[in-house]
Amino acid sequence: MSMPVRMAMLAALSLGCERAEVIEPDAGPVPTDLGRADVGAPKLDLGVPPDAGTATSEAGLDAPDDAPAEAGVDAPDDAPAEAGVDAPAEVDAPRDVGPPRTLTCGSAARIEDPAGDTVIVGNEAGGRFTLVLDVPIANVGVIARRPVDLTLNGDFVLGARVVHFVGEGAAASTLYAPRGVALERAGTPAAPFADVNGHATMSCASDCEPGRVPGERGCNSGAQIITYFQRRFGEGRRMTHLQTSTLDGLYIFAGRGGCCLP
């Protein structure tokens, strides 16, 4: 399914991030087929063939170089080819992310601020997932070591304003969202404060179970992650979800709360 691409280059923010492109889906949920690469028309050689010569007409007079060639007469080099035109380049099929899965935190599900307008999602493995905005959400923060493909949808998707990617996977991450949603990539800036349990730069998230030390995996502590996004978006964090494993195929509902998973 083809999708129009909107490029928006905006000024850098105080956190050192830059605005980047947002891919606007035509309609519906997460795209399952990104389609073939658009390689455009074959490149044409507009130069004069070096040894084309002149074609001879039946009357024996010199004919213009671009006259149709008779049988046995060489055609100009720039004549359209019947076969042999390069086909569009093949691209890899979309990665299989498995069947859709709905995030279920069970009794561990937590909503920090029922009126909050910010959602934070983080992990280490990255992955392709959908954030369903079933409540009003303006700001989305994502931290991951591997690239993330994030699709926004839901009844309140048109109210989303900013998606902010940070971490080692930020540069290669992709956003599918309505027109008007700003995408920010912040790379790996310094963590907002030193933490013996967390990494010195904003790199990734792992689970935040008691006794675990994210810094041992080169990831940030939960406190570093929350503080980082609080400084970007301010107060009003509705929910935070952190895990180590891939987000592939996951549907996260903003109104149901988040948790810490392996």
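Keep in mind that this is a model prediction, so the values were computed, not measured.

J.: Run through the overall build of the protein chain, naming residues and quoting values.
T.: Looking only at helices and strands, the protein chain has 1 helix and 14 strands in total. Every one of the 262 residues in the protein chain was classed for burial, and the buried ones make up 42%. Summarising the internal contacts of the protein chain: among those between residues at least 6 apart in sequence, 57% fall at separations of at least 24. Taken as a whole, the protein chain presents about 14,300 Å² of accessible surface, with 53% of it coming from carbon and sulfur.

J.: Tell me about the packing of aromatic side chains, and name the residues and values.
T.: Evaluation of the coordinates by the stated rule reveals 2 aromatic pairs. Between Tyr-228 and Phe-229 the ring centres are 5.1 Å apart and the planes differ by 85°, which places this aromatic pair in the edge-to-face class. Ring centres of Phe-229 and Phe-233 lie 6.3 Å apart, and the angle between their planes is 5°; this geometry places the pair in the stacked category. In this pair, Phe-229 and Phe-233 are both assigned in helix 1 (residues 222-233), 4 residues apart and thus about one turn of the helix distant. In this structure, Phe-229 and Phe-233 share a single accessibility class: buried. Its end group placed over the ring of Phe-253, Arg-256 keeps NZ or CZ at 3.8 Å from the ring centre.

J.: Which residues make up the state of the cysteines, and what values go with them?
T.: Summed over all chains, the structure comprises 3 disulfides. Note on cysteine connectivity: Cys-105 is disulfide-linked to Cys-259, with sulfurs 2.0 Å apart. Negative torsions about the S-S bond denote left-handed disulfides, and the value of about -75° found for Cys-105 with Cys-259 makes this one left-handed. Placement of Cys-105 in the loop between strand 4 (101-102) and strand 5 (118-123) and of Cys-259 in the loop between strand 13 (250-253) and strand 14 (260-261) is noted, with a sequence separation of 154 residues between them. With relative accessibility at 7%, the residue Cys-259 sits in the buried group. Paired through a disulfide, Cys-204 and Cys-219 show a sulfur-sulfur distance of 2.0 Å. The sign of the -100° torsion about the S-S bond sets the Cys-204-Cys-219 disulfide as left-handed. Taken together, the positions of Cys-204 in the loop between strand 11 (182-185) and helix 1 and Cys-219 in the loop between strand 11 and helix 1 put the pair 15 residues apart, joining distant regions of the chain. A relative accessible area of 0% means that Cys-204 is categorised as buried. Taking relative accessible area as the criterion, Cys-219 reaches 0% and is therefore assigned buried.

J.: Tell me about the nonpolar core, and please be specific about residues and values.
T.: Within soluble globular proteins, side chains that are nonpolar generally end up buried alongside one another. In terms of nonpolar packing, the biggest core is built from 30 residues, with Phe-129, Leu-131, Leu-150, Leu-152, Val-163, Phe-165 and Leu-175 touching the most fellow members. Not counting residues up to four positions away in its chain, the partners in contact with Leu-152 are Leu-131, Val-140, Val-157, Ala-160, Val-163, Leu-175, Tyr-176, Ala-177 and Val-181. Grouped together as the second largest cluster of nonpolar side chains are 14 residues, Val-166, Ala-205, Phe-233 and Leu-242 included.

J.: Describe the pattern of salt bridges, listing the residues and the values that go with them.
T.: Applying the stated criterion across every chain yields a total of 6 salt bridges. A salt bridge links Glu-168 to Arg-145; the nearest nitrogen and oxygen atoms lie 3.4 Å apart. Of this pair, Glu-168 sits in the loop between strand 9 (162-166) and strand 10 (174-176) while Arg-145 is found in the loop between strand 7 (139-144) and strand 8 (148-153), placing the two residues 23 residues apart along the sequence. Exposure remark for Arg-145: the relative accessible area of 22% places this residue in the partly exposed category. One salt-bridge network, in which partners are shared between bridges, spans Glu-124, Arg-145, Glu-168 and Arg-217.

Calculation rules
Residues numbered from 1 in each chain as written. Predicted model: local features only at pLDDT ≥ 70, side-chain atom pairs only at ≥ 80, totals over all residues. Heavy atoms only, no water. Helix = DSSP H or I, 4+ residues; strand = E, 2+ residues; numbered from the N terminus. Buried < 20%, exposed > 50% of the residue type's maximum accessible area, 1.4 Å probe, protein only. Contact = heavy atoms within 4.5 Å. Areas by Shrake-Rupley, 256 points an atom, 1.4 Å probe, with all protein chains shown as cover. Phe/Tyr/Trp six-rings, centres within 6.5 Å; stacked < 30°, edge-to-face > 60°. Lys NZ or Arg CZ within 6 Å of the ring centre and 35° of its normal. Disulfide = S-S within 2.5 Å. Core = buried A, V, L, I, M, F, W, Y, C linked by side-chain atoms within 4.5 Å. Salt bridge = Lys/Arg side-chain N within 4 Å of Asp/Glu carboxyl O.

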